Amino acid sequence: RFDPQRHLTAEGKLKDDPFAGHFAFGYGRRICPGRHFAELSLWAAMVSILSTVRITKAKDSKGKEIPVIPEYTAGLAMLVLFQ
């Protein structure tokens, strides 16, 4: 049975749940038990990549930086197209 009262505080406001927007982990009693491990694993991977890889703009044959012109599309996933 769905009980919307469990998502509200005594004042009638929504509870401050840090995982409210993380639909991938599920909700309520069936929330993913490995969600913390998954987030920490992603954090460790990103830190490792950012600490070891130099991220710079591409250069043309003359050594000048190629300007990036981002183009965005709307939808469930966002994709940046580089020209």
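What you see is a predicted model; the values in this text were computed from it and never measured.

When helices and strands are counted, the protein chain shows one helix and zero strands. A total of 83 residues make up the protein chain; the buried ones form 4% of that total. In the protein chain, once contacts between residues fewer than 6 apart in sequence are set aside, the share between residues at least 24 apart is 0%. Per element, the accessible surface of the protein chain, about 8100 Å² overall, is 62% carbon and sulfur.

Note on placement: Ile31 falls in the segment before helix H1 (35–52). Ile31 gets classed as partly exposed once you look at its relative accessible area, which sits at 25%. Residues in contact with Ile31, not counting those within four places in the same chain, are Phe25 and Gly26.

Reading the values: rules and limits
- Residues numbered from 1 in each chain as written.
- Predicted model: local features only at pLDDT ≥ 70, side-chain atom pairs only at ≥ 80, totals over all residues.
- Heavy atoms only, no water.
- Helix = DSSP H or I, 4+ residues; strand = E, 2+ residues; numbered from the N terminus.
- Buried < 20%, exposed > 50% of the residue type's maximum accessible area, 1.4 Å probe, protein only.
- Contact = heavy atoms within 4.5 Å.
- Areas by Shrake-Rupley, 256 points an atom, 1.4 Å probe, with all protein chains shown as cover.

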